[in-house]
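As a plain string of letters, each chain reads:
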Amino acid sequence: MTGGRAVVRALAAHGVTQAFGIPGTHNLEIYRHLDAYGIAHLNPRHEQGAGYAADAYARVTGRPGVALTTTGPALLNIAAAVGQAYSDSVPLLVVSPGMPLRHPRQSTGLLHEMRSQTDALRAVAAVSHRVSTVAEIGAAVARAFTLFRTGRPRPVHIEVPLDLLTATEAPGPVRLAPPCVTVGADAGPVAEAAEVLRTARRPALVLGGGARAAAPECRALAEQLGALVVTTANGKGIVPETHPLSLGVSLQSPVVQRRLAADCDAVLAVGTELAESDVWTAEPLALGGPLIRADIDPAQMYGVLPADIALVGEARETLRALIEKVRAPIGEAGSERDTSAAARTAAALRAERDAETAERDARWLPYLRVLREVLDPDAVLTSDSAQCCYYGAIPHLPLGPEGRFLHPTGFGTLGYALPAAIGAKAADPGRQVVALSGDGGLQFSVQELATAVQTRLPLPVVVFDNGGYGEIRDEMVARGDRQVAVDLPPTDLAALARAYGGHGARATTPEELADALGKALATPGPTVITVPEEPAR
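Residues take numbers from 1 onward in each chain, read along the sequence in its written order. Totals for whole chains, interfaces and linings use all residues, but because this is a predicted model, local features are given only for residues with pLDDT of at least 70 and pairs of side-chain atoms are given and counted only at 80 or more. No hydrogens and no water enter the side-chain calculation; it runs on all heavy atoms of the structure.

A.B. asks: When you look at a negative patch on the surface in this model, what are you seeing that I'm missing?
C.D. replies: A cluster of like negative charges, contributed by Asp376, Asp378, Glu402 and Asp428, occupies part of the molecular surface. Secondary structure counts use DSSP, requiring at least four H or I residues in a row for a helix and at least two E residues in a row for a strand, with both numbered from the N terminus. For Asp376, the position within the fold is in the loop between α16 (365-374) and β13 (380-382). To count toward a patch, a residue needs a relative accessible area over 30% and no salt bridge; like charges are then connected within 9 Å, while nonpolar side chains (Val, Leu, Ile, Met, Phe, Trp, Tyr) are connected within 5 Å. Here, Shrake-Rupley sampling with a 1.4 Å probe gives the accessible areas, and only protein chains in the shown set may cover a residue. Salt bridges are counted wherever a side-chain nitrogen of Lys or Arg sits within 4 Å of a carboxyl oxygen of Asp or Glu. By the counting rule applied here, Lys and Arg register as positive and Asp and Glu as negative, while His and the ends of each chain are not counted. Note that the charge is assigned to NZ on lysines, CZ on arginines, CG on aspartates and CD on glutamates.

Have a look at this one:
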């Protein structure tokens, strides 16, 4: 069996049915076997787009996303997407060829030659591994899937020397990642944490992306404790953001931060780093009581905010154990905790939070209400590092656990929204998917409109156009600097979509957006809907 066929056989054995990538001279032996093993393929116009699409596919399905690249520049093109997947704990598998097995250390000028692809990817991925035999390929893929299942999921790169891809060798037996038993935190710390939470008068839950598989448990524990619920961007909607106890994505709000510091006497943080990208300040979050951290990654117990009580284990099992430990004493007392006071506190905090940013965020709110009214509850929204997303949609567009909001947190890449929407649509073609972006961010990956056209699936792309890089422009103004390289020449993005074979519209009012969005959801292919907005000055 050739190495290329061994790669595809190993992917199919692990249930892979969809891959993203671009064929090149060096990876054709992989591509020739995809059809025979039932693996569909979607070819974005740039490897970074392939990486973002595979990332979103993984977030929507819960299964690893797979991207195929060729050597050298193609692999470096996908590196930004690998870095984003690492930051957001996404199981992304990148497979590429590499220089031949006996390629000399000294440069020979071979096509796409670089000193070390594995060293380059090792800097942004959890693992970058170069195989040396065809038989090793199956084990390398199995190891990747084992890593995805047994700890914090992060991207893996496998490099197959290009001469090994076409070499015919014994492939060995099919290697499969073993079944993994989900394990919660140790009983001792769970009992200690339950006692702290049970006796707290004003507890709070902070939920990150690592809590997503435990959405019912998060809600049950919040209601059991009468606890305020705050999420990060990656935890958006784990508890319905219309729930009386929910503050939504508010960890970055000074009002909410002050409340956590002054009044909350116990905080349970589940599946979150509590990092600068979550709290929007370089200063660690101040808390008014002990911090209980529940995370599958032991390193998080010594992170920016060290845990007072460390619960290392899978979120769902850990929270189920906590619920049982908290419930028993409350049940003995004869009543569940009254949540009405906490609900009143949450309502007041939501009002204060919105008041502190009302002037800044007012321009997006009418359009966000349209999105919520038009879209199905389980719609997927993909986001960019754009003001309309992190100031607008993330805090102000309510979601529940049936919906998803995919945002490039942490690494903070630009150009994520459009290719991620394509990946989300590939994951679930019948589900509504909408991309939200700014005009600057969209143009980092605007060529993926061509990819969206070839899928022939409805895909609205809502672009808030402020004529450039709005956030950086505002920062320059705040510093008193001259504005340099932040104003972009006007671009008719709707016409560009039509040039690619898609559709375009312009919405200057919320009513026009509602009309355009409804049509886009029923029209095959992408529809770019531009919403012009005045730059903040």
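A.B. asks: Sorry, what's going on with the packing of aromatic side chains here?
C.D. replies: Two descriptors summarise a pair of aromatic rings, namely the distance from one centre to the other and the angle between the planes of the rings. Only the six-membered ring of Trp is used, alongside the rings of Phe and Tyr, when aromatic pairs are assigned; centres must lie within 6.5 Å, and planes under 30 degrees apart are stacked while those over 60 apart are edge-to-face, with the rest tilted. Per the counting criterion, the structure on display carries eight aromatic pairs. Taking 6.2 Å as the distance between ring centres and 90° as the angle between the ring planes, the aromatic pair formed by Trp280 and Tyr390 counts as edge-to-face. Linking Trp280 in the loop between α12 (276-279) and β11 (291-295) with Tyr390 in helix α17 (residues 387-396), this pair joins segments that are 110 residues apart in sequence. Given a relative accessible area of 16%, Tyr390 falls into the buried group. When the centroid spacing of 5.8 Å and the interplanar angle of 70° are considered together, the rings of Trp280 and Tyr391 count as edge-to-face. With Trp280 in the loop between α12 and β11 and Tyr391 in helix α17, this pair connects stretches of sequence that are 111 residues apart. On the basis of relative accessible area, Trp280 is assigned to the partly exposed category, the value being 40%. The classification of residues rests on relative accessible area computed with a 1.4 Å probe and restricted to protein chains. Under 20% of the type maximum is buried, over 50% is exposed, and intermediate values are partly exposed. On the accessibility criterion, Tyr391 (12% relative accessible area) is buried. Members of the aromatic cluster, joined through ring pairs, are Trp280, Trp364, Tyr390 and Tyr391. Arg154 extends its terminal NZ or CZ atom over the ring of Tyr86, reaching a point 3.7 Å from the ring centre. Whether a charge sits over a ring depends on NZ of Lys or CZ of Arg being within 6 Å of the ring centre and within 35 degrees of the ring normal.

A.B. asks: Would you explain the sheet that holds strand β2 (residues 40-42) in this entry?
C.D. replies: Strand pairing in a sheet relies on backbone hydrogen bonds, with the paired strands running either antiparallel or parallel. Here six strands make up an open sheet; going across it, the order is β2-β1-β3-β4-β6-β5 and the pairing parallel. Two strands in the sheet have a free side with no partner beyond their single neighbour: β2 and β5 (127-130). Across the sheet, the axes of successive neighbouring strands diverge by a mean angle of 25°, strand direction being ignored. Paired strands, in this sense, are two strands between which DSSP finds at least two bridges. Across three bridges, strand β1 (residues 18-21) lies against β2 in parallel orientation. Of the residues in β2, the one forming a bridge with Ala19 is His41. For helices, the fitted axis covers only the stretch in contact; all axes are lines through C-alpha atoms, and the angles between them, taken along N-to-C directions, range from 0 to 180 degrees.

A.B. asks: Explain the pairing of β11 here, please?
C.D. replies: Along any regular strand the residues' side chains alternate between the sheet's two faces. A large share of β11 lies buried, amounting to five of its five residues. Sheet analysis places strand β10 (residues 266-270) next to β11, joined by four bridges and oriented parallel. Bridge pairing in β11 links Val270 to Ala294.

A.B. asks: What's the story with the packing of α17 against helix α21 (residues 470-479) in this structure? I'm lost.
C.D. replies: Relative to each other, α17 and α21 sit at 95°, their axes nearing to 8 Å. Taken together, α17 and α21 sit at an angle that is classed as roughly perpendicular. Judged by residue contacts, Gln387, Tyr390 and Tyr391 of α17 engage Gly470, Glu471 and Asp474 from α21. Of the residues assigned to the contact of α17 with α21, the class counts are two nonpolar, two polar and two charged. Our angle categories are set so that under 35 degrees counts as roughly parallel, over 145 as roughly antiparallel, 65 to 115 as roughly perpendicular, and the remainder as oblique. Two residues form a contact once any of their heavy atoms are found within 4.5 Å. Ten residue types, Ala, Val, Leu, Ile, Met, Phe, Trp, Tyr, Cys and Pro, are classed as nonpolar, four, Asp, Glu, Lys and Arg, as charged, and the remainder, Gly among them, as polar.

A.B. asks: Honestly, empty space enclosed by the protein in this entry has me stumped. Any pointers?
C.D. replies: Rolled over the atoms, a probe with the dimensions of a water molecule shows which regions are left empty. The method works on a 1 Å grid over the protein atoms by themselves. A cavity is a set of points holding a 1.4 Å probe that cannot get out, a pocket is an open set with protein on both sides within 12 Å along at least five of seven lines, and residues with an atom within 4 Å of a point line them. Grid points are joined across faces, edges and corners, and a volume is the space filled by probe spheres set on the points. Considering all chains together, one arrives at two cavities of 30 Å³ or more under this definition. If you go around the largest cavity, the residues you meet are Ala6, Arg9, Ala10, Val134, Gly138, Pro171, Pro173, Val174 and Arg175. Breaking the lining of the largest cavity down by element, the ones donating at least two residues are α1 (3-13) and α7 (134-150). In this structure, the second largest cavity spans a volume of roughly 40 Å³. Looking at the second largest cavity, the residues that line it are Val127, His129, Ala140, Arg143, Ala144, Leu147, Val156, His157 and Ile158. Secondary-structure elements contributing two or more residues to the lining of the second largest cavity are β5, α7 and β6 (156-161). The biggest single contributor to the lining of the second largest cavity is α7, with four residues. Here the lining of the second largest cavity is built from residues that sort into six nonpolar, two polar and one charged.

A.B. asks: How should unusual backbone geometry be read in this particular structure?
C.D. replies: Positioned with a positive phi, Ser89 is a non-glycine residue whose angle comes to about 55°. Mapped onto the elements, Ser89 comes out in the loop between α5 (79-87) and β4 (92-98). Positive phi outside glycine occurs at Ala485, with the angle close to 60°. Locating Ala485 in the fold gives a position in the loop between α21 and α22 (493-499).

A.B. asks: Help me understand the nonpolar core, please; the structure alone is not making it clear to me.
C.D. replies: Generally speaking, nonpolar side chains in soluble globular proteins are found buried as a group. As used here, the term nonpolar core means buried Ala, Val, Leu, Ile, Met, Phe, Trp, Tyr and Cys residues forming a set that is joined through side-chain atoms within 4.5 Å. Grouped together as the largest cluster of nonpolar side chains are 43 residues, with contacts concentrated most on Val82, Leu459 and Val461. Contributing elements (two or more residues each) for this core: α3 (47-61), α5, β4, α18 (417-427), β15 (433-438), α20 (449-455), β16 (459-465) and α22. By residue number, the principal contributor to this core is α3, which donates eight residues. Discounting chain neighbours no more than four positions away, the residues touching Leu459 are Leu418, Ala421, Ile422, Val433, Ala452, Ala520, Gly525, Pro526 and Thr527. In this structure, Ala200, Leu221, Ala294 and Leu319 belong to the second largest nonpolar core, which totals 34 residues.

These values are about where atoms sit, not about what they do.
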